[in-house]
Amino acid sequence: MRLSDFTQNRDNNFNLIRIAAAYAVLVTHSFAIAIGSDDAEPFRHTLGMTIGSIAVDIFFLTSGFLVTASLLTRQSAIEFVWARVLRIFPALLVMLLLTVLGLGLFFTTVSWPAYFADPKTHTYFLKCLTLFSGVRYELPGVFESNPYKRAVNGSLWTMPNELKMYAILVLIWVSLSLTARFRLKSFKITIVSGTLLAGLFVILGHLNKTPEGDAFLKLFFMFFSGASFYILKDRIILSRTVFYIFLAALILATFNKNIFFIVYVTTLTYILFFVAYVPSGFIRAYNRLGDYSYGVYLYAFPVQQSTAALLPGVSVLTMVIISSVVTLLFAMLSWHFLEKHSLKLKGHSVNYTIKILKAISYVIFFPKRSPER
């Protein structure tokens, strides 16, 4: 069946995939936070990447696919922006308040007046809340004796990059409004061709050993690979044969890091969307629980750092067990009491924004007339 046959409804495995990816990040960070080294996770040495970095790629692939579907279905930049804002920022704000005013005050080794007066506190909160100009990781006097020193929430590094992907996507859509007649076709060609070019540079960059320079480009490729799969959904056939061939190739390629990377970036997208749509049955029951993945992603790192501070010398296994349970509790509370309710505000926010924009345009173009009541 074609991918488009599966995208007609919301019965899929994306929630399950994202929570698994969020916990994969948690496991990878458990090695670093318990031991104190970014190289502690064993898959980094065997595959050249961690299961956490694979999970981040999965997040960007699913995000690119789903937000492109949202944009092309509604074809409204205003709706797109509000959907993203309400999904990201309310939960982020609450997490930062709990971190700065709760965790920070509890663990800091400096006095509370000094803590609040320190520019690091203000910078941490504002940079992590606004995201676009990057994030900060340190609060004064917090986690300075941990094995993985000072970083309060290392997971946030991906979020400015994701916001940039959203911005690039919607800016391409808006800029092509000048060619209204060919807008949709031009949008599809731009996205798909840009993805192919990015993929080529990602592979060449890896072979030339420039991983740092390729970090953003790789995330760009993953996000827009997801976008391209939605755009090409009518042409993509989800075949069990192709899935098993790609999966076997990926497993066999683990014997060589360079080969694995090339096979990985060329097969992961197909493997992911096959798993997202084809397997069904009892696993779909997870969708009734809620989407806890964002909450897990937001809270896992500070929970793990707190665990390391409260239990010096904690083992990786104990870290995984404790932080998994505590983080899930925060994620469940975040989803049921904040996130799903924030999403319901989109309709009112969009309508209010449209009214404001209409009023502004009326004032600009008819400055001497008052709008009709």
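Quick caveat, the model's predicted, so the values are computed rather than measured.

The rules behind each value
Residues numbered from 1 in each chain as written. Predicted model: local features only at pLDDT ≥ 70, side-chain atom pairs only at ≥ 80, totals over all residues. Heavy atoms only, no water. Helix = DSSP H or I, 4+ residues; strand = E, 2+ residues; numbered from the N terminus. Buried < 20%, exposed > 50% of the residue type's maximum accessible area, 1.4 Å probe, protein only. pLDDT = per-residue confidence, 0-100. Salt bridge = Lys/Arg side-chain N within 4 Å of Asp/Glu carboxyl O. Contact = heavy atoms within 4.5 Å. Core = buried A, V, L, I, M, F, W, Y, C linked by side-chain atoms within 4.5 Å. Expected span 1.5 Å × (residues − 1). Patch = residues over 30% accessible without salt bridge, like charges linked within 9 Å, V, L, I, M, F, W, Y side chains within 5 Å. Areas by Shrake-Rupley, 256 points an atom, 1.4 Å probe, with all protein chains shown as cover. Axes fitted to C-alpha atoms, helices over the stretch in contact; angles between N-to-C directions. Parallel < 35°, antiparallel > 145°, perpendicular 65-115°, else oblique. Left-handed = near helix turned anticlockwise from the far one by under 90°. Nonpolar A, V, L, I, M, F, W, Y, C, P; charged D, E, K, R; others polar.

Moving on: unusual backbone geometry. Backbone geometry places Gln75, a non-glycine residue, at a positive phi of 50 degrees. Relative to the helices and strands, Gln75 resides in the loop between helix H4 (51-74) and helix H5 (77-107). Take Gln75: its relative accessible area is 43%, and that puts it in the partly exposed class.

The pLDDT averaged across the protein works out to 93; a share of 97% of its residues lies at or above 70. Taken element by element, the protein is modelled with least confidence in helix H15 (residues 346-365), mean pLDDT 86, and with most confidence in helix H13 (residues 293-310), mean pLDDT 98.

Okay, the pattern of salt bridges next. Taken as a whole and assessed by the stated rule, the structure comprises 10 salt bridges. Between Arg44 and Asp39 there is a salt bridge; the shortest N-O distance is 3.6 Å. Notably, a salt bridge pairs Asp57 with Lys218, separated by 2.5 Å at the nearest N-O pair. Of this pair, Asp57 sits in helix H4 while Lys218 sits in helix H10 (residues 215-231), placing them 161 residues apart in sequence. This pair shows no difference in class: Asp57 is buried, exactly as Lys218 is. The network of salt bridges with shared partners includes Arg18, Arg87, Asp291 and Glu339.

Take the side chain of Thr68 next. Looking at the element boundaries, Thr68 is found in helix H4. Apart from the residues lying within four places of it in its own chain, the contact partners of Thr68 are Ser63, Leu169, Ala227, Tyr230 and Ile231.

In this structure, Leu92, Leu169, Phe187, Leu238, Tyr264 and Leu298 are the most contacted members of the largest nonpolar core, which totals 96 residues. At 13 residues, helix H12 (residues 257-277) tops the list of elements feeding residues into this core. Leave out the neighbours within four places in its chain, and Leu238 touches Met1, Leu3, Phe6, Tyr270, Phe273, Phe274, Tyr277 and Val278. One finds Leu26, Ile33, Ala300 and Phe301 within the second-largest nonpolar core, a separate group that totals 12 residues.

The terminal C-alpha atoms of helix H8 (residues 158-175), which comprises 18 residues, lie 26 Å apart, in line with the 26 Å expected from a rise of 1.5 Å per residue. What H8 keeps buried is the set Thr158, Met159, Pro160, Asn161, Glu162, Leu163, Met165, Tyr166, Leu169, Val170, Ile172 and Trp173. Contacts from the buried residues of H8 go to H4, H5, helix H7 (119-130), helix H9 (183-207), H10 and H13.

A word on a nonpolar patch on the surface. Taken together, the side chains of Tyr352, Ile356, Leu357, Ile360, Ile364, Phe365 and Phe366 make up a nonpolar region of the molecular surface, amounting to roughly 740 Å² of accessible area. Relative to the helices and strands, Ile364 resides in helix H15. In this structure Ile364 comes out as exposed when scored by relative accessible area, which is 56%.

A word on the packing of H13 against helix H14 (residues 316-343). Interhelical geometry of H13 versus H14 gives an angle of 140 degrees and a closest axis separation of 8 Å. One element, H13, and the other, H14, form an angle in the oblique class. Here H13 and H14 pass one another in a crossing that is right-handed. Touching Tyr294, Gly295, Val296, Tyr299, Ala300, Val303, Gln304, Thr307 and Ala308 of H13 are Met319, Ile322, Ser323, Val326, Thr327, Phe330, Ala331, Ser334 and Glu339, all from H14. A class-by-class count of the residues in the contact of H13 with H14 yields 11 nonpolar, six polar and one charged.

It is at 9 Å that the axes of H8 and H9 come closest, and there the two elements cross at 145 degrees. In this structure, H8 crosses over H9, and the sense of that crossing is right-handed. Each of Leu169, Ile172, Trp173 and Val174 in H8 lies in contact with H9, whose residues at this interface are Arg183, Leu184, Phe187, Thr190 and Ile191. Within the contact of H8 with H9, the residues separate by chemical class into seven nonpolar, one polar and one charged.

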